[in-house]
Amino acid sequence: MSRRLMAITYTTRRGKTYCLHTGPKRGGGIQHYVSTDPEGPLAGSVPEGFEIYETPNGQVYLRKKKPDLIRPAELAQVERELQKQQRNEHCYLVEVSGEKIVIHEGDTHIDTLREINMRFSARGLEDWVACHAHYMPVMRFVLQDEVRRVFSPERYCFRGSVDDWICIGEPDQLGRLTSRFLKHLGIDSLYDLY
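Time to look at the overall build of the chain. On a plain count of helices and strands, the chain comes out with four helices and eleven strands. Relative to its 194 residues, the chain shows a buried fraction of 38%. Within the chain, contacts between residues at least 6 apart in sequence are counted, and of these 46% link residues at least 24 apart. Summing over all exposed atoms, the chain offers an accessible surface of approximately 12200 Å²; the carbon and sulfur share of this is 50%.

Below, the structure written as structure tokens:
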């Protein structure tokens, strides 16, 4: 009697389900990859040292695990402060990338959608819009000192001649930085920070 492996699946914020597959690698060996196709050779487990990862815009892939330099309490602190700062036309996602806490802004056009909404409740519309918005990074806090837990605040500069991260303040404790800078998200004063 043969036993079928339990498939490894991942469901995105947008409700799309991916399966982890295995297959031959060019040049020999086995590779792992994710696909929305449930058919084919499925993997029974995630390879050691890897994780299934979803980007803010919903792309899913298998990547090497990165060391946890950001503490869960620090991530929660940024998320709590963001909840206070929500703007009508924007929603935000927080991503940890190595030593950085990156804030992504999604343009939702929710006021326009509210006018034509016939499908969702008010809360349902907000949830749907947050899942389907297109996100781009706008601000981040970069860990500068792992012992003292000091971060440097940066924002993305969208000027054609720069298109890169710029420092917007002196390194400080995360709590002080979030209360000082997150209030500028979604409004023009963000562009005055440099």
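Having seen the model, we can carry on.
Now for the nonpolar core. With 19 residues, the main nonpolar core has I103, M139, F141, F151, L182 and L185 as its most contacted residues. Elements supplying a minimum of two residues to this core: α1 (72-84), β7 (100-107), β8 (134-145) and α4 (174-181). Among the elements that take part in this core, β8 stands out by supplying four residues, more than any other. For F151, the contacting residues outside a window of four places in its chain are I70, E74, I101, F141, V142, L143, Q144, E170, P171, D172, L174 and L177.

This part takes up the packing of aromatic side chains. Applying the stated criterion across every chain yields a total of two aromatic pairs. Where Y53 meets Y61, the ring centres are 5.6 Å apart and the plane angle is 65°; that geometry is what we call edge-to-face. Since its relative accessible area comes to 36%, Y61 is described here as partly exposed. Consider the rings of Y156 and W165, whose centres lie 5.3 Å apart with planes at 85°: the pair is edge-to-face. Note on W165: relative accessible area 19%, which makes it buried. One Lys or Arg, R63, reaches over the ring of Y53 and ends 3.6 Å from the middle of that ring.

In this structure the tally under the stated criterion is seven salt bridges. Between R13 and E54 there is a salt bridge, with the nearest N and O atoms lying 3.5 Å from each other. Of this pair, R13 sits in the loop between β1 (9-11) and β2 (17-24) while E54 sits in strand β4 (residues 50-54); the two residues are 41 residues apart in sequence, bridging distant segments of the chain. The exposure class of E54 is buried, given its relative accessible area of 10%. Between R149 and E74 there is a salt bridge, and its shortest N-O distance comes to 2.7 Å. In this pair, R149 is assigned in the loop between β8 and β9 (150-157) and E74 in helix α1, connecting sequence segments 75 residues apart. Of the two residues, R149 and E74, neither departs from the other in class, the shared state being buried.

So, on to the pairing of strand β5 (residues 60-64). Both faces of the sheet carry side chains from a regular strand, because those side chains alternate between them. Inspection of the sheet shows β4 paired to β5 by five bridges, in the antiparallel sense. Directly across from E51, in β5, lies its bridge partner R63. If you look at the hairpin formed by β4 and β5, you'll find five residues sitting between the two strands, and G58 has a positive phi there, around 90°.

Bringing the sheet that holds strand β3 (residues 30-35) into the picture now. Taken in spatial order, the three strands line up as β1-β2-β3 in an open sheet, and their pairing is antiparallel. For this open sheet the edge positions go to β1 and β3, each flanked by a neighbour on one side alone. Taken over all neighbouring pairs, the strand axes of this sheet differ in orientation by 30° on average, direction set aside.

What follows deals with α4. Listed in full, the buried residues belonging to α4 are L174, L177, T178 and F181. All buried residues of α4 fall inside an arc of 95° around its axis, so they share one side.

On average, residues of the chain carry a pLDDT of 86, and 90% of them reach 70 or more. When pLDDT is averaged over each helix and strand of the chain, the minimum, 69, is found for helix α2 (residues 110-116) and the maximum, 97, for strand β11 (residues 172-173).

Cut-offs applied
- Residues numbered from 1 in each chain as written.
- Predicted model: local features only at pLDDT ≥ 70, side-chain atom pairs only at ≥ 80, totals over all residues.
- Heavy atoms only, no water.
- Helix = DSSP H or I, 4+ residues; strand = E, 2+ residues; numbered from the N terminus.
- Buried < 20%, exposed > 50% of the residue type's maximum accessible area, 1.4 Å probe, protein only.
- Contact = heavy atoms within 4.5 Å.
- Areas by Shrake-Rupley, 256 points an atom, 1.4 Å probe, with all protein chains shown as cover.
- Core = buried A, V, L, I, M, F, W, Y, C linked by side-chain atoms within 4.5 Å.
- Phe/Tyr/Trp six-rings, centres within 6.5 Å; stacked < 30°, edge-to-face > 60°.
- Lys NZ or Arg CZ within 6 Å of the ring centre and 35° of its normal.
- Salt bridge = Lys/Arg side-chain N within 4 Å of Asp/Glu carboxyl O.
- Pairing = 2+ DSSP bridges.
- Axes fitted to C-alpha atoms, helices over the stretch in contact; angles between N-to-C directions.
- Arc of directions from axis to C-beta.
- pLDDT = per-residue confidence, 0-100.

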